[in-house]
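Structural features, examined
Take a look at the letters that make up each chain.
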Amino acid sequence: MLRGSVTRWPLKIGQAGEFDYSGSQALKAMREEGIETVLINPNIATIQTSEGVADTVYFLPITPYFVEKVIEKERPDGILLAFGGQTALNCGAQLYLDGTLDKYGVQVLGTSVEAIMITEDRDLFVKKLDEIDVKTPVSRAVNSLEDALQAARDIGYPVMVRSAYALGGQGSGICTNEAEFTELCESALSFSDQILVEESLKGWKEIEFEVIRDKNDHCFTVVPMENFDPLGIHTGESIVVAPIITLSREQVSLLEEIARRVVRHIGIVGECNIQYGFNAETNDYRVIEINARLSRSSALASKASGYPLAFVATKLALGYTLDQVGEMGTPNSAYAAPEIDYMIVKIPRWDLNKFYGVSHHIGSSMKSVGEIMSIGQSFEEVIQKGLRMIGQGMHGFVGNYNITFDDLDDALSKPTDLRIFAIADALAKGYSVQRIAELTQIDRWFLERLENIHAFTRVLKGYSKIEELPKEVVREAKRLGFSDFQVARFVENPQGPMDESLIRAREHRKRLNVVPTVRRINTVASDRPDETNYLYFTYGEGVGNPVKRNKEKEAVVVLGSGAYRIGSSVEFDWCSVNAVHTARDLGYESVMINYNPETVSTDYDMCDRLYFDELSFERVLDVVDIESPKGVIVSVGGQIPNNLAMKLHRQHVPILGTSPVSIDRAENRHKFSAMLDELGIDQPRWKEMSSFEEIDAFINEVGFPVLIRPSYVLSGAAMNVPSTWSSRGFTRAMRHWSSRHRRSILKPCGG
């Protein structure tokens, strides 16, 4: 019996749930082949460490010492290195180099270690591509600060610094002078023996492909993608759009052919990611890097296309060829690239406000902690849906109050996590598309679509009552991605809670028969491709796909977790997956709503129907209209589903498990406190307030320190413990205070 080993490491910024997805897919593919699997992974929150996924799990560090101990005990025949991120790759390379794998007769499956080392060692990488006349940035690999300074002087500033064997762009950046360069190099050399000093291509387009290749040299790209932001921002920090819109078919074909040449020359077997800098005016290009492993982009491309790259890559590593995966001659074969008739956008999620003193500027080193994927028929639709999905209180590209910038030129020219909203502010303040393009170096095609959204707000403001909106205006608003909330806000601009206006906008829209259609995404290599329901909602033109339901079974809808964030991560994916599995085991049809491409819960075969769409009040009601479920489970996806409980309850949607009234009693600080008083349970002194005068009076009464906290939050989000009037925690809370939101101030108990 062939025994395999897969390794992975705990989540971190730059390395998150995408490797739970890839590892779970790999284990599934090997189980399908009857291979006994050994998993090394100390992360208890992951799906892959759950019972029944791997045959044996070791909760041990991914270090050469511990991995060798497992190999010595288990004696596996082969090992997979490409499914656990950079940690697994680096560990496996070390075990290969020190002879451990050869000592125990362990074969590296898939791409060879030699090929992996070529992609990871910047000097080897450049030399290898020089052999086939493929352009890379003018560069020099160095091992000391002195050599780095000389290289920068020879190339000329600005220069780009990159680290070998690093994840998420760690230790990289663009430097415009020697002082910046010295500081970055000293940092980079502290965790990498080698750095690359190369010409800066800042401002060029960044293009990337996922490439698949089997042992028979059949090779193609899957879902070509382009970055909304120009080169200089890590692809994990950038909005990413697929398919490529702003290049011609000939330009895309040029880059695809280069990708195939490179992958074949290096000798990759399985899946990899290739990234380019591209000058669309001259067709000049540079190959920036290749990741000879699964990555966050791989998870994105898999969910964007229905082509399970990790599953297919595992089959190829086991010796299969692409014509043997799926059914040849059908759309469900892995032999050909999937075709998509829709558009997707990926938007990163940052949590920079949780840290004091952290710069909000983004660049070549990843700061994002998660991401979302939005699917639709127009860029306007997917960008607005996506900006609601990131879970930072935004209602779309427009309609967000109190998002304004004092120095717009600076906010546009220096990328931050809020630059997309700086573009919205600029359009509102009369900036032209041309001026914004000059400051941001973002392609005009994208900016013109954003201007379409902004321009339509003027149409909506031309009406004073929701019920006056004609059908054609409502339909165009929905095609442009406006939510019912946004429509109500722009038409009536109600002060205070929006619930009543939102419901009126929804009811008016439905009376006009303006409802979304459900579309199906084809899936590759599925056991039951014709029965797979991988679905999304759209207001674009075209006919929808009927939802395939088993009328003899009741449905249970599970709300997923949305984007990963600090304090809400893969543990809720574990809960969601177990919920849909349990519902199915109990004889119900399981329905999942989630939009995080890194998750296992958004694998098309985890449930009976997957709606890859918004976890919003509006969208959940759309799903309920179609499914008429036994009920909705809100308790397994973290705070986003929990916050919907009372809203759904008021619309008579059955909530399974803890009642919405009880959820509200636990989440609402006022009701929770009243319950404690009723039960005679002690609690800290506190007061709910919404004005600075109330704050002042309470603090003068109880003294510092105090705890400031809102209701309905997860992991201490938006909480502060100021000890003086001038402390950072207090001043930051004061800055973000809004008269429309009430917060609790508590006197912490001593101890």
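Before reading further, recall that the structure is shown in the block above.
Residues numbered from 1 in each chain as written. Predicted model: local features only at pLDDT ≥ 70, side-chain atom pairs only at ≥ 80, totals over all residues. Heavy atoms only, no water.

Attention now moves to the pattern of salt bridges. For the coordinates displayed, the defined rule picks out 50 salt bridges. Its salt-bridge partner being Asp217, residue Arg264 comes within 3.1 Å of it at the nearest N-O pair. You can see Arg264 sitting in helix α9 (residues 249-266) and its partner Asp217 sitting in the loop between β10 (205-213) and β11 (219-227), a full 47 residues away along the chain. One salt bridge connects Asp603 with Lys303, and the closest N-O pair in it is separated by 3.3 Å. With Asp603 in the loop between β20 (589-594) and β21 (609-612) and Lys303 in helix α10 (residues 296-305), this residue pair connects regions lying 300 residues apart in the sequence. Pair check on accessibility: Asp603 and Lys303 agree, each one buried. In this structure, a network of salt bridges that share partners links the residues Lys385, Arg388, Arg506, Lys510, Asp613, Glu614, Arg619, Asp622 and Asp625. (Salt bridge = Lys/Arg side-chain N within 4 Å of Asp/Glu carboxyl O. Helix = DSSP H or I, 4+ residues; strand = E, 2+ residues; numbered from the N terminus. Buried < 20%, exposed > 50% of the residue type's maximum accessible area, 1.4 Å probe, protein only.)

Our focus in this paragraph is the environment of Val126. Locating Val126 in the fold gives a position in helix α6 (residues 122-130). Counting along the chain gives 162 residues from Val126 to Ile288, while the straight-line C-alpha distance between them is 9.7 Å. Sequence-distant contacts of Val126, defined by excluding residues within four places in its chain, comprise Thr136 and Ser139. (Contact = heavy atoms within 4.5 Å.)

With that out of the way, let us pick up the pairing of β20. Put simply, side chains in a regular strand alternate between the two faces of the sheet. Here β20 lies mainly inside the structure; 6 of its 6 residues are buried. The alternating pattern of β20 places Glu589, Val591 and Ile593 on one face and Ser590, Met592 and Asn594 on the opposite face, and all of these are buried. Summarising the sheet, strand β19 (residues 555-559) and β20 pair through 5 bridges and their orientation is parallel. Across the sheet, the residue bridging to Val556 is Ser590, located in β20. Of the strand pairs in this sheet, β20 and β21 are connected by 4 bridges, and their pairing is parallel. If you follow Met592 over to β21, its bridge partner there is Leu610. (Pairing = 2+ DSSP bridges.)

Turning to the sheet that holds strand β12 (residues 240-242), a few remarks are in order. Reading across from one edge, β14-β13-β10-β11-β12-β15-β16 is the order of the 7 strands in this open sheet, with antiparallel pairing throughout. Either end of the sheet is taken by a strand with one partner, and the two such strands are β14 (284-291) and β16 (370-376). The mean angle between the axes of side-by-side strands here comes to 25 degrees, regardless of whether they run parallel or antiparallel. For β10 and β11, the ladder comprises 6 bridges, and the chain directions are antiparallel. Looking across to β11, one finds that Ile212 is bridged to Phe220. (Axes fitted to C-alpha atoms, helices over the stretch in contact; angles between N-to-C directions.)

Judged by relative accessible area, which is 3%, Lys303 ranks as buried. Once residues within four sequence positions are removed from consideration, Lys303 is found in contact with Tyr21, Met373, Tyr534, Pro597, Thr599, Thr602, Asp603 and Phe612.

As for its position among the elements, Leu95 is in helix α3 (residues 85-97). Here Leu95 falls in the buried class, since its relative accessible area comes to 1%. Separated by 31 residues in the primary sequence, Leu95 and Pro64 place their C-alpha atoms 6.2 Å from one another.

All told, the structure shown has 15 aromatic pairs when counted by the stated rule. Ring geometry for Phe220 versus Tyr307: centroids 6.2 Å apart, planes at 90 degrees, classification edge-to-face. Of this pair, Phe220 sits in strand β11 while Tyr307 sits in the loop between α10 and α11 (309-317), placing them 87 residues apart in sequence. Each member of the pair, Phe220 as well as Tyr307, carries the same accessibility label: buried. If you follow Lys315 out to its NZ or CZ, it ends over the ring of Tyr320, 5.5 Å from the centre. (Phe/Tyr/Trp six-rings, centres within 6.5 Å; stacked < 30°, edge-to-face > 60°. Lys NZ or Arg CZ within 6 Å of the ring centre and 35° of its normal.)

Geometry only, nothing functional implied.
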